[in-house]
Amino acid sequence: GDVLVVARVDGSQLPVKPSIKWFKGKWLELGAKSGARFQFRESCEKESKVYTFELAISKVAPGDRGDYRCEVTAKDKKDSCSFNIDVEAGRPSGSGAFKRTDNAKNETAGELDFSGLLKKREEQAEEVRKKKKDDEEDTIPPEIWELLKGVTKKSEYERIAFQYGITDLRGMLKRLKKIKVEPKKSEAFIRKLDPAYQVDKGNKIRLMVELSNPDLPLKWYKNGQLIKPSNKYVFENVGLKRILTINKCSLADDAAYECRVNDEKCFTEVFVKEPPVTIMKGPEDQQVVVGDRVVLEAEVSEEGAQVMWTKDGVELTREETFKYRFKKDGKKHFLILNEATKEDTGRYRILTNGGEAEAEVIVEEKQLEVLQGIADLTVQAAEQAVFKCEVSDEKVTGRWFKNGVEVRPSKRIHISHTGRIHKLVIDDVRPEDEGDYTFVPDGFALTLSAKLNFLEIKVEYVPKQEPPKIHLDCSGRDTENTIVVVAGNKLRLDVPISGEPLPTVTWTKNGQEFTCKEGRVRLEEKHELSSLVIESAERGDEGRYHIRVTNPVGEDTAAIAIRVVDVPDPPEAVRVTSVGEDWATLVWEPPKFDGGQPVTGYLVERKKKGSMRWMKLNFEVLPALTFESTRMIEGVLYEMRVFAVNAIGVSAPSLNTPPFMPIAPTSEPTHLVLEDVTDTTATLKWRPPERVGRGGIDGYLVEWCREGDSTWTPANTELVERCGLTVRGLPTGEKLLFRVVGVNIAGRSPPATTAQPVTIREIVERPKIRLPRHLRQTYVRKVGEQVNLVIPFQGKPRPQVTWTKEGAPLGEDVHVRTSERDTVFFIRAASRGHSGRYGLSVRIEGMEDTAEMRLRIVEKPGPRKVQVKEVWGFNALLEWEPPEDDGNAEITGYTIMKADKRTMEWFTVYEHNRPLRCKTP
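Residues numbered from 1 in each chain as written. Predicted model: local features only at pLDDT ≥ 70, side-chain atom pairs only at ≥ 80, totals over all residues. Heavy atoms only, no water.

**Q** Could you clarify how one ought to interpret the overall build of the chain in this entry?
**A** What the chain contains, in helices and strands, is four helices and 71 strands. Counting over 921 residues, the chain shows a buried share of 36%. Of the accessible surface of the chain, which amounts to about 56,500 Å², a share of 49% is contributed by carbon and sulfur atoms. (Helix = DSSP H or I, 4+ residues; strand = E, 2+ residues; numbered from the N terminus. Buried < 20%, exposed > 50% of the residue type's maximum accessible area, 1.4 Å probe, protein only. Areas by Shrake-Rupley, 256 points an atom, 1.4 Å probe, with all protein chains shown as cover.)

Put into structure tokens, the structure is as follows:
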């Protein structure tokens, strides 16, 4: 029959749509069996958000009996449910259970045949037991039996039963034992497929079998589907071998493969291993304001790779509000945040199965910068007054106030907003227009203020002969006024004059007469008014200006100092003085020119090398000339720059620092020990530091100093890479301390110092020969062989080594090579003359140690004539004498061989025969 299993899931409290997996046993997932018999369906009720999942099994077989489990997951939530399916054999029909003894048509007639009934019941019970036994055997698929046959360890049986949901382990082992007792030899295959193959994605793999007959037909199948030759699948016939080559393996090739020859089959599984995906280019740090769109971009090594984005260690997913959007474009992956908020500030990380990278996103409140403030104005009656300011955001609106009262537009008063520039224009200025004017941007706690001064000209009656006069507060020879103008602004200095007759006006700057009537800096003359106009003031316009008016009656002069204030120059000598694991210290010098206003502080920015995006590190100006940047990533190159700030604004950026990398020095070297010491040298050994870091280690420096002194003397000028050094040229008899430091790009590590001072003096050690065990007995070699013996010894200072043979010096064909620790005895081709006793002497001053070695060179014994003393029947009596030359070794026996005269094929009759005679059959 058919089975339908229904699971209902309440999704009203779930963040995403749930997914379901069906299992048989503990680990056998049924999703891979989707097809004719196993079908999976799902539906959803939109109003109640109840999801319905169905598992349908058609034509249930005894092999479907067992425990099942469904597992539902939704993001970080999970639930499961277990159930059991029991399959029973069909019951036999009840008709004919009772049998009448007669053939009468009347059903009530006749007698019941109980003996026949009991016999039939026994037959039916036997048939049910037999069918049940067959069903139990059919429960396990044939491919699992093939896998069980190749098991060599007992623990593998439990693992396979656990993996494929087999509960009757004892029954499985009993049937497997019967199968192994009666192995069936394959008639078609000499060599079958291996149980499993593994290949890296993108590589090719070869599946090979060997047939008993080259004419047998062979077919290949993948997941039950016939494989046809193509560029992907290549078939080869080499003798009895049949080879299937799969080119450019992908995850789709991870499947079960089958080779069929007539009715015989062999199976295998191919596992395709996906190579680790590495991150080629990570996302960059970003600094945005609230409401901006943030796009984090990363590039990986493989197209279509699976990646995971996290924020502060928490995985990011697509939410219903579409807060986060994920996009793929080939190897590039994007994380998009629409309308960033302050809660989006954090560290974002992209992870693959082969690496990770992170970037920091800082979301700030939107700030408004004043690019040009409002300047104070002094105007005369009927003239025009123009207040102008410029802010950083062209979308910002604002209002104008006079003495705290909002200014409304009229025929004389005009308010305009063009891009980032806001203007208030007052035509035909009157005395009542004098006051404090303020511009307030909407939505920001910021005000810009300036003062309008009304210059009232008083006309007095004078006689026709009037000496000239300059009508300024600074008039007179002994007074001076200073006018401050912001660089880039316009300055118009109107100087009223009087005199009869009309006086002549002369302007000078720093003692030189100035007469230009046109250009950026010019003079304008009107009746009883002389004006100095400077368009877009520059630093060079600073100086002392003098105006002199003369007529026949007299003269008058006035001095005016004009100061041009500007943003300061960039800071000087910006450099990184020290770095750590995640920090760096930046220092700089003040700018050469402060712009005419004191420098109030500095702003610092940082970026990764190669990136175009700078990140602000401080939002309040720094009064100091140093700054420590933190929260940096070790091993990444950075650049930094500094801005100077004064009352006028922010300077241009300084030159970027050279690229630097936050790297911490290593920890101190470990296990520093003194290995050896002589009159002038000391040999030290140590182990690498426990913590090395991303900067690695370039080498080590060794230093020494006398006991009680604090001056350390370097022992090596160049770094030593190995963990050991012999320090030479040391003062004899002095007590010295030694220390070792590791050096990398970040600098020197803390030192590792010897615990106690070391006296530089040769240590005398008695000579001692350590004769190897195999040389304490007679050492035997064959003639022509090579003799190469190494005998170690000890002693300090270096001992004198002497070799002798039988008390005499060695021959020229015996070679000896001696080092500080051992001596080598060497004979290129041994002869019997080299046999004998060799003496070794090791001497240090009046101390000596000796050893003796016996060497025997042997060869085969010489031949001797053999006599046949007697022959009878099929037997013969042989006799011989001992050889004259025993080859320098004891005769342990004789070997007797005989051969047929016709074939001359020799075979052994006796081995190791000790007597000098024998009887041969």
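Having seen the structure, we can now continue with the description.
**Q** I'm lost on the sheet that holds strand E19 (residues 294-300) in this one. Help?
**A** Strand pairing within a sheet occurs via backbone hydrogen bonds; the two strands may be parallel or antiparallel. Spatial strand order, E17-E19-E23-E22: four strands in an open sheet with antiparallel pairing. Single-partner strands in this sheet number two, and they are strand E17 (279-281) and strand E22 (324-329). Averaged over all pairs of adjacent strands, the angle between their axes in this sheet comes to 30 degrees, without regard to strand direction. Where E22 lies against strand E23 (residues 332-337), six bridges are found, and the strand directions are antiparallel. If you follow Phe326 over to E23, its bridge partner there is Leu335. (Pairing = 2+ DSSP bridges. Axes fitted to C-alpha atoms, helices over the stretch in contact; angles between N-to-C directions.)

**Q** Which parts of the structure should I look at to understand the environment of Val294?
**A** Structurally, Val294 can be placed in strand E19. The spacing of Val294 and Asp344 is 50 residues in sequence and 9.8 Å in space, taken between C-alpha atoms. Aside from chain neighbours lying at most four places away, what touches Val294 is Gln286, Val288, Leu335, Ile336, Leu337, Ala340 and Val361. (Contact = heavy atoms within 4.5 Å.)

**Q** Looking at this structure, how should I read the packing of aromatic side chains?
**A** For any pair of aromatic rings, geometry is given as the distance between the ring centres together with the angle between the planes. Scanning the model with the defined rule gives ten aromatic pairs in all. Summarising the aromatic geometry, the rings of Trp588 and Tyr602 are spaced 5.5 Å apart at their centres and angled 65 degrees between planes, so their arrangement reads as edge-to-face. Residue Trp588 is found in strand E45 (residues 584-589), and its partner Tyr602 is found in strand E46 (residues 599-608); the two are separated by 14 residues along the sequence. Using a relative accessible area of 2% as the deciding quantity, one classes Trp588 as buried. On the accessibility criterion, Tyr602 (4% relative accessible area) is buried. An aromatic cluster of three or more residues is present, and its members are Trp22, Tyr68 and Phe83. (Phe/Tyr/Trp six-rings, centres within 6.5 Å; stacked < 30°, edge-to-face > 60°.)

**Q** Would you mind showing me how to read the sheet that holds strand E4 (residues 38-45) here?
**A** Taking strand neighbours across the sheet as the criterion, the three strands line up as E1-E5-E4 in an open arrangement whose pairing is antiparallel. Pairing within the sheet leaves two strands with one partner each, and these edge strands are strand E1 (3-10) and E4. Taken pair by pair, the neighbouring strands of this sheet meet at an average axis angle of 15 degrees, ignoring direction. When E4 meets strand E5 (residues 50-57), the two strands line up antiparallel, connected through eight bridges. Of the residues in E5, the one forming a bridge with Phe38 is Ile57.

**Q** Looking at this model, I keep getting lost on the pattern of salt bridges. Mind explaining?
**A** Opposite charge on two side chains lets them pair, provided their charged atoms get close. Following the criterion strictly, the structure yields 45 salt bridges and no others. Between Arg520 and Glu538 there is a salt bridge whose closest N-O contact spans 3.6 Å. Taken together, the residues span a long stretch of sequence, with Arg520 in the loop between strand E39 (512-514) and strand E40 (521-526) and Glu538 in the loop between strand E41 (529-534) and strand E42 (543-551) at a distance of 18 residues. Take Arg520: its relative accessible area is 31%, and that puts it in the partly exposed class. (Salt bridge = Lys/Arg side-chain N within 4 Å of Asp/Glu carboxyl O.)

**Q** It is not clear to me how empty space enclosed by the protein should be interpreted in this structure. Could you clarify?
**A** Where empty space is left in the structure can be found by rolling a water-sized probe over the atoms. In the structure shown here, the tally under the stated rule is one cavity of 30 Å³ or more. Estimates place the volume of the largest cavity at around 40 Å³. Forming the walls of the largest cavity are Glu284, Asp285, Arg606, Lys607, Lys608, Ser611, Arg613 and Met615. Considering every element that reaches the lining of the largest cavity, the biggest residue donor is E46, with three residues. For the lining of the largest cavity, the per-class residue count stands at one nonpolar, one polar and six charged. (1 Å grid on protein atoms, 1.4 Å probe; cavity = no way out; pocket = protein on both sides within 12 Å on 5 of 7 lines; lining within 4 Å. Points joined across faces, edges and corners; volume = space filled by probe spheres on them. Nonpolar A, V, L, I, M, F, W, Y, C, P; charged D, E, K, R; others polar.)

**Q** Mind showing me how you'd approach a positive patch on the surface here?
**A** There is a patch of like positive charges on the surface, built from Arg293, Arg318, Arg325, Lys327 and Lys328. With respect to the helices and strands, the residue Arg325 is situated in strand E22. (Patch = residues over 30% accessible without salt bridge, like charges linked within 9 Å, V, L, I, M, F, W, Y side chains within 5 Å. Lys, Arg positive; Asp, Glu negative; His and termini not counted. Charge placed at Lys NZ, Arg CZ, Asp CG, Glu CD.)

**Q** Even after reading the chapter, I still don't get the pairing of strand E15 (residues 255-261), so can you show me in this structure?
**A** Every regular strand shows the same layout, with side chains that alternate between the two sheet faces. Of all the seven residues making up E15, five are buried; the element is thus mostly covered by neighbouring parts of the structure. Note that strand E11 (residues 219-222) and E15 share four bridges and pair antiparallel. Looking across to E15, one finds that Lys219 is bridged to Arg260. The sheet contact formed by E15 and strand E16 (residues 264-273) spans seven bridges and is antiparallel. Within E16, the position partnered with Ala256 by the bridge is Glu269. Count of turn residues in the E15/E16 antiparallel hairpin: two residues, of which Asn262 carries a positive phi of about 55 degrees.

**Q** Before we go on, may I ask you to explain a nonpolar patch on the surface in this structure?
**A** A contiguous nonpolar surface patch, about 340 Å² in accessible area, is contributed by Met897, Met904 and Trp906. With respect to the helices and strands, Met897 occurs in strand E69 (residues 894-899). Relative accessible area serves as the criterion here: at 42%, Met897 is assigned to the partly exposed category.

**Q** Please clarify how the environment of Pro757 should be interpreted in this entry.
**A** Looking at the secondary structure, you find Pro757 in the loop between strand E57 (752-753) and strand E58 (758-759). As a C-alpha pair, Pro757 and Leu737 span 20 residues in sequence and 4.8 Å in three-dimensional space. With near-sequence residues (within four places) excluded, Pro757 lies in contact with Glu707, Lys735, Leu736 and Leu737.

**Q** What should I look at first to understand the state of the cysteines in this one?
**A** Structurally, a disulfide amounts to a covalent bond that connects the sulfur atoms of two cysteines. In the structure shown here, the tally under the stated rule is zero disulfides. Counting only cysteine sulfurs, Cys81 is the nearest neighbor of Cys70, a cysteine outside any disulfide, at a range of 5.0 Å. (Disulfide = S-S within 2.5 Å.)

**Q** Please explain the nonpolar core as it appears in this structure.
**A** Generally speaking, nonpolar side chains in soluble globular proteins are found buried as a group. One finds Ile470, Val495, Trp507, Leu532, Ile534 and Ile562 to be the most contacted residues of the largest nonpolar core, which totals 23 residues. Among the nonpolar cores identified, the runner-up in size contains 22 residues, and Ala188, Cys249, Tyr257 and Val270 belong to it. (Core = buried A, V, L, I, M, F, W, Y, C linked by side-chain atoms within 4.5 Å.)

**Q** Would you explain the confidence of the model for the chain in this entry?
**A** Interpreting fine coordinate detail is not advised for predicted regions of low pLDDT. Counting all residues, the mean pLDDT for the chain is 83, and 89% of those residues have values of 70 or more. Averaged pLDDT values over the elements of the chain bottom out at 57 in helix H1 (residues 114-138) and peak at 95 in strand E49 (residues 638-646). Taken together, the stretch residues 92-112 has pLDDT below 50 and engages in 20 contacts with residues farther than four places along the chain or on a different chain. Here residues 474-479 scores under 50 on pLDDT; set against residues more than four positions off or in separate chains, the count is 14 contacts. (pLDDT = per-residue confidence, 0-100.)

**Q** Help me understand the side chain of Glu639 in this model?
**A** Positionally, Glu639 belongs in strand E49. The exposure class assigned to Glu639 is buried, which follows from its relative accessible area of 12%. Side-chain polar atoms of Glu639 contact the side chain of Asn656, separated by 3.4 Å. Every residue in contact with Glu639, bar those within four places of it in the chain, is listed here: Glu605, Arg606, Lys607, Lys609, Trp614, Asn656, Thr657, Pro659 and Phe660. (Polar contact = N/O pair within 3.5 Å; in protein donor to acceptor, adjacent residues only side chain to side chain.)

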